[in-house]
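# Inside the fold
Residues per chain are reported as follows:
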Amino acid sequence: MHPVGQNDRVPFLLLIEDDDAIRTGLELALTRQGHRVATAASGEDGLRLFKEQRPDLIVLDVMLPGIDGFEVCRRIRRSDQLPIILLTARSDDIDVVVGLESGADDYVVKPVQPRVLDARIRAVLRRGERESSDSSAYGSVVIDRSAMTVTKDGQDLQLTPTELRLLLELSRRPGQALSRQQLLRLVWEHDYLGDSRLVDACVQRLRAKVEDVPSAPTLIRTVRGVGYRLDPPA
Amino acid sequence: MTDHHDGDRPLSTLGRRLLMTTLRLGSLRVRLVAVFAVVALTAAVSASGIAYWLNRDAVLKRAQDSALKDFRVSLSRNVSGLPLGASCPDLTGLANDVASSGLGYTVVVVDEAQPGCTATSDSRFTLTQVPSTLVAAVDRPRPVGEGNPYAYHLYWQRVDLGGAPYLVGGTKVVPTGPTAYMFKSLDNERADLDTLGWSLAVATLLALIAATLLAQAASATVLRPVRQLADAARRLGEGKLDTRLTVSGADELADLARTFNSTAEALAAQVEELSAREAQSRRFVADMSHELRTPLTAMTAVTDILEDEADALDPMIEPAVRLVVSETRRLSDLVENLMEVTRFDAGTAKLVADEVDIADLVMSCIDGRAWYDAVELDAPRGVRAMVDPRRLDVVFANLIGNALKHGGSPVRVQVSQEPAGVEVRVSDSGPGIPPDVLPHVFDRFYKADKGRARSEGSGLGLSIAMANAQIHGGTITAANAPQGGAVFTLWLPLKPPPRPGDDPADAAPNGAGDHG
């Protein structure tokens, strides 16, 4: 787990964007919002910088020459769980779905207002912050809120901050169904009604990590017409 | 495709349609069958009729010739044995003799010398049964001349006695002998002729049936290509421009099929050219707006910085900076709307639906744009529907923004649950929409110059709102309220209709085996 979102620390972002003007503009804006920003113009450069400098968060353009944003996202997710926010062309196309499946935590649509991007960045960084100090067990899955870790059969699970926060919010109300919009407010801190695919994609990724059989989940259940529910095992 | 449609239709409707098609008077099949039947009937009836009459004549003539000849011979042989001034029993004897030697006929003999005596070989037959015309003809002497050596002749007539046909013949025995009549039953001949008639009638009937079947077969061979042609024409009309017919044979129908094929080909080529041209221009607009967006993204990224710093700038420069900032945002909106329109035109716009509370959605739209003071909200919570929150937010923002801009506050938003959907009414307190503008409010780039202030939007807002409502299976109507002010009414179904290409993950995000 990355030591992200410490209040006394300036967040360190890696911006991967091939267009010079957009990269410069966003760098200017994000720096002004109080972030430390490193930039890369291609996926390959981005991956190299990521390994060298270990940023807290990555803002990733989807359309990149060479290896594209999805591939960058997948490669990072093989070993690391740091937050990734996608820059996409539009909200309703396949890019969003593929990007979320590749492991992205959130997305923004170009042209993005810097303050919107900043709000998303701060929200995703807050997800990793610890809050209480108890722990709870659901069958073989143990959630340790003080260490912000989740273990399954004693093995540490590698969860992204968003996945972890989703699991925490669900485990706070075991047996109670939460709607996608509720989860968007609680986990993603979306003020307005947001894109339910964020929740669905994150639930899928979380199930892949915590469920014994992800296609037949017993812990995180779908409540048809409502949303999701964490069921303590019988 | 047709099979699929038919399969969906209730059976009764299908049956009725089939019956209608089959029984439709004036249809080619009915006409063909009728013509064949008339031809067959005419031919069979005339052939049978001629055959019957010829046969009847021949049979009767033969029967009656032999009977009359026999009667004449028998009479002349027996009459010689009759004594002069014969008594009644003598005459009866003569009648019996003639009858017994003959071909089964009855003989009645009368003599002027013995009035009141009825000499008959069978008591059922008397002179009264002989037609008076025949009696008159027999009794009337003819002038004897060169062409006529005898005064009296043998006469005959066919009569009906008690329902049975009889041949009655009579002659006077010259010169002063008695008059003899014979009754020959024609029952056998009639029975023969009846049998013949029945046979002919059955043959006619069979010919008629055969003709009908033949007509069916003929109409099938003609009608199958006709039906194929009709089906192909219908498919072509439905837009399946690759529809072609198989040309077989060298008849008129094959010619028609060839013409159909070449017409369809020409049509397909034309449509293809037109749609290619249209797609090209659409792609141009889409590419163009896409290209415009990249610099706009960079510019938008720094507008916040410029805006924040504007106050600290030289008063000469500050308005210029503010202009750049505001126009960058406007351009950005315009390009975004343009791209949205091209997506709707290309049919690539997708719905990302979730079940949400409409009141929440309206509230967040108003909240997000800081319109709270200018809008009166009458939205009970609990009105839920499957909608795309982002698209509905665009609809509300356009309708409320439009009302605020043109009508002025207070703008009233009412959300109500309808039986089959949700209704959202946005009414303003402005001057309303002029009647000549009303039909065009949803048109693209339609500027209502006369009644309304300069359109500050892209001119696409309401048309995008409409397209967004329609992609949900809903609609928006514009009207003027009786008490003044414009009213836009959005109607949405509780669930959008299924569309090909929608993200199936929205409906069932987790697949099988997980029903909570």
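In this text the structure is predicted, and so the values were computed from the model without any measurement.

## Observations concerning the overall build of chain A
- Summing up its helical and strand segments, chain A has eight helices and twelve strands in all.
- A separation of at least 24 residues holds for 59% of the contacts in chain A among residues at least 6 apart in sequence.
- As displayed, chain A has an accessible area near 9,300 Å², and 49% of this comes from carbon and sulfur atoms.

## Digging into the overall build of chain B
- Of the regular secondary structure elements, chain B holds eleven helices and twelve strands.
- Within chain B, the proportion of its 516 residues that are buried is 38%.
- In chain B, the proportion of contacts linking residues at least 24 apart, taken out of those at least 6 apart, comes to 62%.
- For chain B, the accessible area works out to roughly 28,600 Å², and carbon and sulfur atoms hold 60% of it.

## Topic: the confidence of the model for chain A
- Put simply, chain A has an average pLDDT of 87, and 94% of its residues get 70 or more.
- Note on residues 1–6 of chain A: pLDDT is under 50 here. Beyond four places in sequence and across chains, it has nine contacts.

## Structural notes on the nonpolar core
- Counting residues in each nonpolar core, the largest one holds 52 residues, and the members touching the most others are Ile58(A), Leu60(A) and Ile220(A).
- A per-element tally of this core places helix α8 (residues 196–210) of chain A first, with seven residues.
- Counting 41 residues, the second-largest nonpolar core is a separate cluster that includes Leu193(A), Trp371(B), Leu392(B) and Ala397(B).

## Looking at the interface of chain A and chain B
- Facing 40 residues of chain A, the contacting portion of chain B comprises 45 residues.
- Buried area between chain A and chain B, summed over both chains or domains, comes out near 3,500 Å², and the portion from carbon and sulfur atoms is 49%.
- At the boundary of chain A with chain B, the tally comes to four salt bridges.
- Here Asp304(B) ties to Arg115(A) by a salt bridge, and the two come within 3.9 Å at their closest N and O atoms.
- For the pair chain A and chain B, the interface holds three residue pairs in polar contact (both at pLDDT 80 or more).

## A few points about the pattern of salt bridges
- Under the definition given, this model contains 53 salt bridges over all chains.
- The partner of Asp105(A) in a salt bridge is Arg77(A), and the shortest N-O contact between them spans 2.8 Å. With Asp105(A) in the loop between α4 (94–101) and β5 (106–109) and Arg77(A) in helix α3 (residues 69–79), this residue pair connects regions lying 28 residues apart in the sequence. Arg77(A) shares its class with Asp105(A); the two are buried.
- Its salt-bridge partner being Asp354(B), residue Arg180(A) comes within 3.8 Å of it at the nearest N-O pair. With one member in each of two chains, Arg180(A) in helix α7 (residues 180–188) and Asp354(B) in strand β6 (residues 354–357) form a pair that bridges those chains.
- According to the relative accessible area criterion, Arg180(A) is buried, its value standing at 9%.

## What about the confidence of the model for chain B?
Residues and elements named next belong to chain B.
- The predicted model of chain B averages 82 in pLDDT, with 89% of residues at 70 or higher.
- A low-confidence stretch, residues 450–455 stays under pLDDT 50, and its non-local contacts, those more than four residues away or across chains, total eleven contacts.
- Counting interchain partners and residues more than four positions distant, the pLDDT-below-50 stretch residues 502–516 has 31 contacts.
- ipTM for the predicted complex: 0.78, alongside a pTM of 0.59.

## Considerations on the sheet that holds β5(A)
All names here are of chain A.
- Strand order in the open sheet formed by five strands is β2-β1-β3-β4-β5, with parallel pairing between adjacent strands. The sheet is open, and its two edges are formed by β2 (36–40) and β5, each paired on a single side. Across this sheet, the average inter-strand angle for adjacent strands is 20 degrees, counted without regard to direction.
- Where strand β4 (residues 84–88) meets β5, four bridges bridge the pair, whose relative direction is parallel. Bridge pairing in β5 places Thr 88 opposite Val 109.

## Focus on the sheet that holds strand β12 (residues 486–493) of chain B
Residues and elements named next belong to chain B.
- Pairing is mixed in the open sheet, where five strands are placed in the order β7-β9-β10-β12-β11. The sheet is open, and its two borders are formed by β7 (375–378) and β11 (475–480), each paired with just one other strand. Averaged over all neighbouring strand pairs, the angle between strand axes comes to 15 degrees, with direction disregarded.
- Pairing analysis gives four bridges linking β7 to strand β9 (residues 411–418), with the strands arranged parallel. Counterpart to Val 375 in the pairing with β9 is Val 411.
- Across the face of the sheet, helix α9 (residues 358–368) comes into contact with β7, β9 and β10 (421–427) while running at roughly 170 degrees to β7.
- Along the sheet face, helix α10 (residues 389–407) touches β7, β9, β10, β11 and β12 and points at about 170 degrees away from the line of β12.

## Thoughts on the pairing of strand β1 (residues 106–110) of chain B
All names here are of chain B.
- When you tally the buried positions in β1, you get five out of five residues, the bulk of the element.
- The pairing of β1 with strand β2 (residues 119–120) spans two bridges and is classified as antiparallel. Across the sheet, the residue bridging to Val 109 is Ala 119, located in β2.

## Things to note about the environment of Thr133(B)
Residues and elements named next belong to chain B.
- One can find Thr 133 in helix α5 (residues 132–139).
- Under the relative-accessibility criterion, Thr 133 is labelled exposed at 52%.
- Sequence-wise, Thr 133 and Gln 157 are 24 residues apart; in three dimensions their C-alpha atoms are separated by 9.3 Å.

Calculation notes
- Residues numbered from 1 in each chain as written.
- Chains lettered and ligands numbered in written order.
- Predicted model: local features only at pLDDT ≥ 70, side-chain atom pairs only at ≥ 80, totals over all residues.
- Heavy atoms only, no water.
- Helix = DSSP H or I, 4+ residues; strand = E, 2+ residues; numbered from the N terminus.
- Contact = heavy atoms within 4.5 Å.
- Areas by Shrake-Rupley, 256 points an atom, 1.4 Å probe, with all protein chains shown as cover.
- Buried < 20%, exposed > 50% of the residue type's maximum accessible area, 1.4 Å probe, protein only.
- pLDDT = per-residue confidence, 0-100.
- Core = buried A, V, L, I, M, F, W, Y, C linked by side-chain atoms within 4.5 Å.
- Buried area = accessible area lost by both parts, 1.4 Å probe.
- Salt bridge = Lys/Arg side-chain N within 4 Å of Asp/Glu carboxyl O.
- Polar contact = N/O pair within 3.5 Å; in protein donor to acceptor, adjacent residues only side chain to side chain.
- Pairing = 2+ DSSP bridges.
- Axes fitted to C-alpha atoms, helices over the stretch in contact; angles between N-to-C directions.

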